[in-house]
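# Fold and contact review
As a plain string of letters, each chain reads:
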Amino acid sequence: MQELLSFGSDNHSGVHPAILEAVCAANRGHCLAYGADPWTAKARELFKSTFGAAAEPYFVFTGTAANTLAIRALCRPYEAIVATHIAHINEDECGAPEYNTGNKQLSFPAVAGKLLPEHLSQLSIQPQNPHRVLPRLVSLTQATELGTVYTLAELRTLCDLAHQRGLLVHMDGARIANAAVHLGCELRELTTDVGIDALSFGGTKNGLLCAEAVVFLREGLSPDFAFLRKQSMQLASKMRFLAAQFIPYLELGLWRSNAHAANTTALYLTERLKAIPGVRCPYPTEANEVFAHLPAALESKLRERAHAYPWDQGMTRFVCSFDLSTADVDRLLTEL
Ligand SMILES: Cc1ncc(COP(=O)(O)O)c(C=O)c1O
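Because the structure is a prediction, the values reported are computed rather than measured. (Residues numbered from 1 in each chain as written. Predicted model: local features only at pLDDT ≥ 70, side-chain atom pairs only at ≥ 80, totals over all residues.)

A count of helices and strands for the protein gives 13 helices and 10 strands. Taking the principal axes of its C-alpha atoms as reference, the protein extends roughly 60 × 55 × 35 Å. The burial tally for the protein puts 49% of its 336 residues in the buried class. Look at the contacts in the protein between residues 6 or more apart in sequence, and 76% of them connect residues 24 or more apart. (Helix = DSSP H or I, 4+ residues; strand = E, 2+ residues; numbered from the N terminus. Buried ≥ 20, exposed ≤ 12 C-beta atoms within 10 Å, placed from the backbone. Contact = placed C-beta atoms within 7 Å.)

Here is the structure:
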């Protein structure tokens, strides 16, 4: 099989060797199933030391499942989710949240990928009116779908406003590691400490093997989540193989080193692209995604070589995986 060098998606990369080693190390003898194993116990402890003692993690297989289950846990069917019009839950999950939970999504036009405090102030919340859905959950994607990153102050403002209005806040953290590296902060600082209530903690895009987690960050948010996860077909029988991956990821800081590598490559790619006449990058590169308007003469050739996808408004989206380097960027562009 010919090796593909892809800047198309962080799902095009393989699994980090340390993660495969952790899975192999867990492949020893027998142990109890469905999470009653020592790896799950250790990973749970690591989530608590990372996000705070109240954190309750539940491992699942996909980011879509994590988002859908977080919504299912936090909203009654007549309640609504507030997100941007480009939120992954809104545009790219084939209606999984709506289909599985029944919750309507109220969307606001994203500004550089972000939801703004004005959007939350505009919400009409009518608890006495059964003709209208009741806004209940704000969902923020960090890093955003446009590769930008909410600052800690922005997150705090949005969480405070949401809470004042009786709403909970969910973070779609498919690329939370990239965001934390950009902000130079710990995972707790951009979640628990700013007031996020529930998190979809991404792993797969940053070197894990189909491992994600729903993490409730405050006590009592979803006492029946174990039932919801099973009914939604996301309870792994051989849970140790999901849990084992989070051990080096959190304990050895693999989340940080992988995301740092991906972000560094993305920044370099941006600089190299911007140096080409006619290229315009409309958004700052703050995580591992780069969006560019490319001149016509370059567009199809570069998309083809980079395996990059056409995006909205004639843009091209590049995504840097943890295992790409600045040398790979040089190879990509020099060959052109
Ligand atoms: C922001 C964001 N959230 C969630 C997901 C969902 O992940 P999955 O494809 O594992 O369902 C993705 C995947 O592309 C994503 O980019």
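Further notes follow.
What follows concerns the site of the ligand. Residues in close proximity to the ligand include Thr 62, Gly 63, Thr 64, Asn 67, His 88, Thr 141, Glu 145, Asp 172, Ala 174 and Thr 204, which together make up its full environment. No other element matches the three residues that helix H3 (residues 63-74) contributes to the shell around the ligand. Partitioned by chemical class, the residues of the shell around the ligand number one nonpolar, seven polar and two charged. (Near = placed C-beta within 6 Å. Nonpolar A, V, L, I, M, F, W, Y, C, P; charged D, E, K, R; others polar.)

Another aspect to go through is the domain arrangement of the protein. The domains assigned to the protein are domain 1 (17-251) and domain 2 (254-335). Averaged C-alpha coordinates put domain 1 and domain 2 at centres separated by 27 Å. Taken together, the contacts link 19 residues of domain 1 with 18 residues of domain 2. Elements that contribute at least two residues to the side of domain 1 that touches domain 2 include exactly helix H8 (176-183) and helix H10 (240-251). In terms of residue count, H8 provides more of the side of domain 1 that touches domain 2 than any other element does, five residues in total. (Domains from an automatic or database assignment.)

A word on the sheet that holds strand E2 (residues 79-84). Taken in spatial order, the seven strands of this open sheet run E1-E7-E6-E5-E4-E2-E3, and their pairing is mixed. Each of the sheet's edge strands pairs with one partner strand only, and the pair in question is strand E1 (56-60) and strand E3 (104-108). When the angles between neighbouring strand axes are averaged without regard to direction, this sheet yields 25°. Pairing between strand E6 (residues 198-201) and strand E7 (residues 212-216): four bridges, direction antiparallel. Residue pairing across strands places Phe 201 opposite Ala 213, the latter belonging to E7. (Pairing = 2+ DSSP bridges. Axes fitted to C-alpha atoms, helices over the stretch in contact; angles between N-to-C directions.)

Let us now look at the sheet that holds strand E9 (residues 309-310). Overall, antiparallel pairing links the three strands, which are arranged E8-E10-E9 in an open sheet. Only two strands of the sheet have a single neighbouring strand rather than two, namely strand E8 (289-292) and E9. Where E9 meets strand E10 (residues 316-319), two bridges bridge the pair, whose relative direction is antiparallel. Counted as the bridge partner of Tyr 309 is Arg 317 from E10. Against the sheet, helix H11 (residues 254-274) touches E8 and E10, its axis set at about 20° to E8.

Residues of E6 alternate between two faces, with Ala 198 and Ser 200 on one and Leu 199 and Phe 201 on the opposite face, all of them buried. Relative to E6, strand E5 (residues 168-173) is paired through four bridges, and the arrangement is parallel. By the bridge assignment for E6, Gly 173 is matched with Phe 201. For the handedness criterion, the β-α-β arrangement of E5, H8 and E6 is classed as right-handed. (Right-handed = clockwise from strand over helix to strand, strands pointing away.)

With that settled, consider H10. Taking 1.5 Å of rise per residue, the 12 residues of H10 would be expected to cover 16 Å, and the 16 Å separating its terminal C-alpha atoms lies within 8% of that figure. For H10, the complete set of buried residues consists of Arg 240, Phe 241, Leu 242, Ala 243, Ala 244, Gln 245, Phe 246, Ile 247, Pro 248, Tyr 249 and Leu 250. Against helix H1 (17-26), helix H2 (38-51), E1 and H11 lie the buried residues of H10. Positive phi appears at Gly 253, one or two residues downstream of H10, with a value of about 70°. (Expected span 1.5 Å × (residues − 1).)

For the rest of this paragraph, the subject is the nonpolar core. In this structure, Val 138, Leu 158, Val 169, Val 214 and Val 215 are the most contacted members of the largest nonpolar core, which totals 98 residues. Counting residues per element, this core draws most heavily on H11, which supplies 10 residues. Taken domain by domain, this core gets at least three of its residues from each of domain 1 (17-251) and domain 2 (254-335). For Leu 158, the contacting residues outside a window of four places in its chain are Leu 115, Pro 117, Leu 120, Val 138, Leu 140 and Val 169. (Core = buried A, V, L, I, M, F, W, Y, C linked by C-beta atoms within 7 Å.)

This part covers the packing of H1 against H10. One way to put it is that H1 packs onto H10 with a least axis distance of 8 Å and a crossing angle of 135°. In terms of orientation, H1 and H10 fall into the oblique class. Viewed along their axes, H1 and H10 form a crossing whose handedness is right-handed. The residues of H10 that touch H1, namely those facing Ala 18, Ile 19, Ala 22, Val 23, Ala 25 and Ala 26, are Arg 240, Phe 241, Ala 244, Gln 245, Ile 247 and Pro 248. In the contact of H1 with H10, the residues fall into 10 nonpolar, one polar and one charged. (Parallel < 35°, antiparallel > 145°, perpendicular 65-115°, else oblique. Left-handed = near helix turned anticlockwise from the far one by under 90°.)

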